[in-house]
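# Structure assessment
Listed here are the chains, written in short residue letters.
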Amino acid sequence: MKENKSPTRQGAADIIREKSKAGQLISAEEIFSTLKVEDRAKPEGDEEIVPPEALLNKVLAEHKDLKEIRAKDGTSLYYSSMFMSDTYATLLLHKEEGAVSLIADTVREDSDRYPRPTPLDVFKEPPFDLSQEEILSCLQEMSSREEYQDISRVSTSIGHVFLYSTRHLDRDYALMLAEWIDVGQ
C-alpha cells in the first residue's frame, strides 16, 4: 500500500518554503503556530497525531530540499535549498544570534575555510546591512570579551581594515592576503 503524504506534513513543507523564498529561516514553533492558525494541523481520516519533532523529521525525510540548521543554543531552524544556499542559511543564523556573533563567525569561517581575511566594509553590504556605528560597537565589544580574542585586525597600505581569526591565520599571512586582495589584485 502506497503511503500518501499527510496534509499536515505538506503544509509544514509549504510554510518552510514560503519563508525561505522570503529569505528567512523558520523555527519549529513558528511552523506549528502557522499550521494551527491556518487550521492545517488537524489530523484527517486515519492520520495519527505525532509529536512535533517526529513530524518535522518526517517532513525533512519526505522533502529533500528542506534542511535543518542549529543555533548555538540548540534551537533548530529550517529552510529550503530551493530558495536558499547552505551558506546563506548559515549567515542568516549568525545574523539572528546578533551582530557580534555574525561578524566573529563570518571572520572565523573566512579565515578557516578559504583561508582569507575579511574586509571590514563587507559588513555594511547586504545581507549583513550593518551601519558603521554598529560595526565599531561590535569591534569594541569583541575587544573586551574573552571569547572573541582571536578576532584581530590588519590594515593594508591604502588604509582598508581587514579582520581575521588568529585560530586559523597568523598575522603576517593575513596581512599579505589582505594586501593582495586590496591592492595586488
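Residues numbered from 1 in each chain as written. Predicted model: local features only at pLDDT ≥ 70, side-chain atom pairs only at ≥ 80, totals over all residues. Heavy atoms only, no water.

### Considering the pairing of strand β5 (residues 151-155)
In this sheet, strand β6 (residues 161-165) lies alongside β5 in antiparallel orientation, the contact comprising 5 bridges. Paired with S155 across the two strands is V161, which belongs to β6. Counting the residues that bridge the hairpin from β5 to β6 gives 5 residues, and of these G159 lies at a positive phi of roughly 90°. (Pairing = 2+ DSSP bridges. Helix = DSSP H or I, 4+ residues; strand = E, 2+ residues; numbered from the N terminus.)

### Points about the packing of helix α4 (residues 86-96) against helix α5 (residues 99-113)
Running from N to C, α4 and α5 cross one another at 145°; their axes reach a closest spacing of 7 Å. Here T90, L91, H94 and K95 of α4 come into contact with α5, specifically with S101, L102, D105 and E109. Residues belonging to the contact of α4 with α5 are distributed by class as follows: 2 nonpolar, 3 polar and 3 charged. (Axes fitted to C-alpha atoms, helices over the stretch in contact; angles between N-to-C directions. Contact = heavy atoms within 4.5 Å. Nonpolar A, V, L, I, M, F, W, Y, C, P; charged D, E, K, R; others polar.)

### Quick word on the packing of aromatic side chains
The geometry of an aromatic ring pair is captured by the separation of the ring centres together with the interplanar angle, meaning the angle of the planes. In this structure the tally under the stated criterion is 1 aromatic pair. Measuring from centroid to centroid gives 5.0 Å for F123 and F128, while their planes differ by 70°, and the two rings are edge-to-face. On the basis of relative accessibility, which here comes to 7%, the residue F128 falls in the buried class. (Phe/Tyr/Trp six-rings, centres within 6.5 Å; stacked < 30°, edge-to-face > 60°. Buried < 20%, exposed > 50% of the residue type's maximum accessible area, 1.4 Å probe, protein only.)

### Structural notes on the environment of S27
Position of S27 among the secondary structure elements: in strand β1 (residues 26-27). It is 9.4 Å that separates the C-alpha atoms of S27 and E68, two residues lying 41 residues apart in sequence. Sequence-distant contacts of S27, defined by excluding residues within four places in its chain, comprise S76, L77 and Y78.

### Digging into the layout of surface pockets
Its volume calculated, the second largest pocket comes out at about 270 Å³. In terms of lining residues, the second largest pocket is bounded by 16 residues, among which L91, T106, D110, R116 and F128 are the most central. Secondary-structure elements contributing two or more residues to the lining of the second largest pocket are α4, α5 and β4 (118-119). Residues belonging to the lining of the second largest pocket are distributed by class as follows: 7 nonpolar, 5 polar and 4 charged. (1 Å grid on protein atoms, 1.4 Å probe; cavity = no way out; pocket = protein on both sides within 12 Å on 5 of 7 lines; lining within 4 Å. Points joined across faces, edges and corners; volume = space filled by probe spheres on them.)

### Structural notes on α4
Of the residues making up α4, those classed as buried are A89, L91, L92, L93 and H94. Its buried side turned inward, α4 meets β2 (66-70), β3 (76-80) and α5.

### Some words on the sheet that holds β5
What the 3 strands build is an open sheet, ordered β4-β6-β5; its pairing is antiparallel. Of all strands in the sheet, those with a lone pairing partner are β4 and β5, marking the two edges. Helix-sheet contacts for α5 involve β4, β5 and β6, and the interaxial angle to β6 is about 75°. Along the sheet, helix α7 (residues 171-184) makes contact with β5 and β6, crossing β5 at roughly 50°.

### Focus: unusual backbone geometry
The omega angle of the peptide bond from P126 to P127 is 5°, so this bond is cis rather than trans. One non-glycine residue with positive phi stands out, namely D129, at about 55°. Tracing the sequence through the fold places D129 in the loop between β4 and α6 (132-144).

Note that every value here comes from positions in space, so none of it alone points to a role or purpose.
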